[in-house]
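Read off the chains here:
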Amino acid sequence: MDMSSFSELTYSEIVDWNGWEIRALLLLSLSLQVILIAFGSQRKCSTSIRMRFFVWSAYMSADSVAILALGILARNLAGKSDRNHECDYYVERFRDRNIPLQLFWTPFLILHLGGPDTITAYSLEDNELWPRHLLGLLVQTVIACYVFVKSWGDDRLKLIAIPVFIAGIIKYGETTWVLRKSSTKNIRNCLLSHPDPGPDYAEFMTNKKGDGNDELSSREVLPQSYSGSPDDCLSQAYYLLNRLKYLFADLILGYYEGKECHVIIISKKSSEEAFELVEGELGLLYDVLYTKATIVYSKYGFLLRCSSFFSSLFALIAFAFFTRHPYSLVDISVTYLLLVGAIAFEVYAFVLVMRSDWTKLWLVNYLKPVRIGKRFAQNI
């Protein structure tokens with residue numbers, strides 16, 4: 001075998017390897033997103049060690065795989081212009097014609113880095129590390145913009161990718177914002193006032209010796225109590241979540257609030273009903289601390305979900321009907337998997353939203369407003 005044949009074989013194998021490498025990483029990243037969106041919230045009601053390990057493995061691997069794939073795309077882009085002149089003949093001969101389509105996958109990696117709505121943090125420490133996630137958002141966005149701007153010669157692919165790229169940045173930003181919002185420091189700062197520790201007994205004894213006043217004085221006006229229906233377990237769970245949020249922020253619970261929560265949980269309830277009430281409260285707490293509930297159920301959540309869904313839908317329709325496909329069947333199939341997967345994720349997330357306790361709570365409050373105390377957190 002002469003040197004030219006050896007070179008041809010070598011460079012053709014390199015091109016084939018680079019192509020299958022990025023395809024495998026894209027499919028792995030998509031599979032990890034499927035696992036997270038399907039099982040990310042299941043650990044809320046499961047104690048299975050295998051299931052928790054399964055979710056933990058997917059959570060720890062998802063960002064790394066997407067970042068690795070994004071780096072390989074950037075390397076392939078740089079490799080197109082940085083090869084030495086001696087290899088130009090073989091590079092031109094064996095260069096993968098599917099590279100423009102593979103670079104079209106870049107926005108989907110940003111979308112994957114944004115993660116699903118069902119899990120943003122695996123532990124409370126992940127919320128405290130939100131600055132690190134913010135730095136990752138900035139770095140990966142810059143890399144994706146670099147690939148986005150310098151890559152494609154097909155203007156149609158650029159136009160199709162722009163909405164997906166914007167949706168990916170929005171979802172990535174959502175995750176960072178939710179992590180910050182769920183951190184202990186931010187929860188503490190969002191509380192409207194300091195908790196009432198109850199009567200000051202030292203002051204009481206002093207006043208008793210001075211003027212004979214035997215009444216205990218409180219430092220704070222009595223907080224407004226729960227005024228919803230005693231049979232509405234979900235509203236009571238939401239009320240308790242807000243009242244007990246001081247404990248989640250490493251603060252003490254107000255004296256009168258502690259008594260009121262105690263009464264709500266045990267008064268006129270069987271032990272089974274009391275545990276169901278606490279279960280509902282803990283379920284809402286889990287959503288606040290470990291999922292995107294903070295933004296999904298906000299006034300902007302619906303608009304963000306719609307923008308992400310219609311961006312993916314537009315990309316699918318445009319790619320199917322308005323783009324020429326001089327690419328390999330494998331890469332076209334991968335592209336359709338990414339597009340359909342993005343739409344399926346949004347549809348599944350919408351179904352979860354409609355079935356969630358938060359939607360039921362919103363309907364209860366919309367149909368029959370429930371008054372809440374003054375010292376609630378600013379928002380949930």
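The coordinates are above.
Here goes a summary of the coordinates provided. Every chain is numbered on its own, with residues counted from 1 as its sequence reads. Where local features are concerned, this predicted model is filtered to residues with pLDDT of at least 70; where side-chain atom pairs are given and counted, the filter is 80 or more; whole-chain, interface and lining totals use all residues. Side-chain numbers come from the whole structure's heavy atoms, not from hydrogens or water.

A few points about the overall build of the chain
Piece 1. Helix and strand definitions here come from DSSP, where helices need a minimum of 4 consecutive H or I residues and strands a minimum of 2 consecutive E residues; each element is numbered from the N-terminal end. Check the secondary structure of the chain and you find 18 helices and zero strands.
Piece 2. For the chain, buried positions account for 47% of its 380 residues.
Piece 3. Once local pairs closer than 6 in sequence are excluded, the contacts in the chain between residues at least 24 apart make up 81%.
Piece 4. Per-residue and other accessible areas follow the Shrake-Rupley method at a 1.4 Å probe size, with only the shown protein chains counted as cover for residues. Per element, the accessible surface of the chain, about 20500 Å² overall, is 64% carbon and sulfur. Per-residue accessibility, obtained with a 1.4 Å probe over protein chains only, is compared with the maximum for each type, and a residue is labelled buried under 20%, exposed over 50%, and partly exposed between these values. Note on contacts: a residue pair qualifies if any of its non-hydrogen atoms lie within 4.5 Å across the two residues.

Describing the side chain of E346
Piece 1. Mapped onto the elements of the fold, E346 is located in helix 17 (residues 329–355).
Piece 2. By relative accessible area, which is 9% here, E346 ends up buried.
Piece 3. Here S308 takes part through its side chain, which lies 2.9 Å from a polar atom of the side chain of E346.
Piece 4. Leaving out residues up to four positions away in the same chain, E346 has contacts with K171, R305, S308 and F309. Counted as a polar contact is a pair of N or O atoms within 3.5 Å, where, for protein atoms, one must be capable of donating a hydrogen and the other of accepting one, and residues adjacent in sequence contribute only when both atoms are in side chains.

Looking at the packing of aromatic side chains
Within a pair of aromatic rings, the relevant descriptors are the distance that separates the centres and the angle that separates the planes.
Piece 1. Classification of ring pairs rests on two measures: the distance between centres of Phe, Tyr or Trp rings, Trp counted by its six-membered ring, which must be within 6.5 Å, and the angle between planes, read as stacked under 30 degrees, edge-to-face over 60 and tilted in between. A full pass over the atoms with the stated rule returns ten aromatic pairs.
Piece 2. Ring centres 5.8 Å apart and planes at 75° place the aromatic pair F104 and F108 in the edge-to-face group.
Piece 3. Take F108: its relative accessible area is 1%, and that puts it in the buried class.
Piece 4. Relative to W358, the ring of Y297 lies with its centre 5.7 Å away and its plane at 20°, an arrangement referred to as stacked. Remark: W358 occurs in helix 18 (residues 357–367) and Y297 occurs in the loop between helix 15 (293–296) and helix 16 (301–321); sequence separation between them is 61 residues.
Piece 5. By relative accessible area, Y297 is classed as partly exposed at 28%.

Considering a nonpolar patch on the surface
Piece 1. Residues Y300, F302, L303, V347, F350, V351 and M354 make up a contiguous nonpolar surface patch of about 720 Å² in total accessible area.
Piece 2. Secondary-structure elements contributing two or more residues to the nonpolar patch are helix 16 and helix 17.
Piece 3. Top element by residues in the nonpolar patch is helix 17. It accounts for four residues.
Piece 4. Classification of Y300 by relative accessible area gives exposed; the value is 52%. Residues forming no salt bridge and having over 30% relative accessible area are the ones grouped into patches, like charges within 9 Å of each other and nonpolar side chains (Val, Leu, Ile, Met, Phe, Trp, Tyr) within 5 Å. Each salt bridge in this description consists of a side-chain nitrogen of Lys or Arg and a carboxyl oxygen of Asp or Glu lying within 4 Å of one another.

Some words on the environment of V178
Piece 1. The topology assignment puts V178 in helix 8 (residues 155–181).
Piece 2. Apart from residues no more than four positions distant in its own chain, V178 is found in contact with T120, T291, K292 and I295.

Things to note about the nonpolar core
Piece 1. We call a set of buried residues a nonpolar core when its members are Ala, Val, Leu, Ile, Met, Phe, Trp, Tyr or Cys and they connect through side-chain atoms within 4.5 Å of each other. In terms of nonpolar packing, the biggest core is built from 56 residues, with F104, W105 and F319 touching the most fellow members.
Piece 2. Taken together, the elements giving at least two residues each to this core come down to helix 1 (3–39), helix 2 (49–82), helix 4 (99–103), helix 5 (106–114), helix 7 (130–150), helix 8, helix 16 and helix 17.
Piece 3. The biggest single contributor to this core is helix 2, with 13 residues.
Piece 4. Residue contacts for F319: discarding those within four places in its chain leaves L101, F104, L157, I160, H325, I332, T335, Y336 and L339.
Piece 5. Of all hydrophobic cores here, the second largest spans 25 residues; its members include A121, I187, V288 and L289.

Quick word on the packing of helix 5 against helix 7
Piece 1. Look at helix 5 against helix 7: their axes get within 10 Å of each other, and the N-to-C directions meet at 165°. In terms of orientation, helix 5 lies roughly antiparallel with respect to helix 7. Both helix 5 and helix 7 take part in a crossing whose hand is left-handed. Contacts between helix 5 and helix 7 pair T106, I110 and L113 from the former with Q140, A144 and V147 from the latter. In this analysis an axis means a line fitted to C-alpha atoms, helices contributing only their contacting stretch, and an angle means the value between N-to-C directions, from 0 to 180 degrees. Should an angle lie under 35 degrees it is considered roughly parallel, over 145 roughly antiparallel, and from 65 to 115 roughly perpendicular; all remaining angles are considered oblique. By convention the crossing between two helices is left-handed if the near helix lies anticlockwise of the far one by an angle smaller than a right angle, and right-handed if it lies clockwise.

Observations regarding the pattern of salt bridges
When the charged atoms of two side chains lie near each other, side chains of opposite charge can form a pair.
Piece 1. For the structure shown, the criterion picks out ten salt bridges.
Piece 2. Here K292 ties to D117 by a salt bridge, and the two come within 3.9 Å at their closest N and O atoms. Separated by 175 residues along the polypeptide, K292 in the loop between helix 14 (271–290) and helix 15 and D117 in the loop between helix 5 and helix 6 (124–128) bring together distant segments of the chain.
Piece 3. Residue classification places K292 among the buried positions, given a relative accessible area of 0%.
Piece 4. In the salt-bridge network here, residues are joined through shared partners; they are D117, K171, E174, K292, R305 and E346.

Overview of helix 13 (residues 255–266)
Piece 1. What a helix should span is 1.5 Å times the count of its residues minus one. Between its first and last C-alpha, helix 13 extends 17 Å over twelve residues, near the 16 Å set by a 1.5 Å rise per residue.
Piece 2. Among all positions in helix 13, only E257, E260, C261 and I264 are buried. In a view along the axis of helix 13, the buried residues occupy a sector of 100°, so they form one face of it.
Piece 3. Tucked inside the fold, the buried residues of helix 13 contact helix 11 (233–243), helix 12 (245–248) and helix 14.
Piece 4. Where helix 13 ends, the next residue or the one after it, K268, has phi of about 55°, a positive value. Arc definition: directions from the helix axis to the C-beta atoms.

A closer look at the environment of D357
Piece 1. Along the chain, D357 turns up in helix 18.
Piece 2. Classification of D357 by relative accessible area gives partly exposed; the value is 34%.
Piece 3. Spatially, the C-alpha atoms of D357 and Y238 are 9.8 Å apart, while their sequence positions differ by 119 residues.
Piece 4. Apart from the residues lying within four places of it in its own chain, the contact partners of D357 are L234 and L284.

Remarks on the environment of C190
Piece 1. Along the chain, C190 turns up in helix 9 (residues 184–190).
Piece 2. It is 9.8 Å that separates the C-alpha atoms of C190 and A249, two residues lying 59 residues apart in sequence.

Here we look at helix 16
Piece 1. The end-to-end C-alpha distance of helix 16 is 30 Å, a good match for the 30 Å that 21 residues give at a rise of 1.5 Å each.
Piece 2. Turning to helix 16, its buried residues are G301, R305, S308, S311, S312, A315, L316, A318 and F319.

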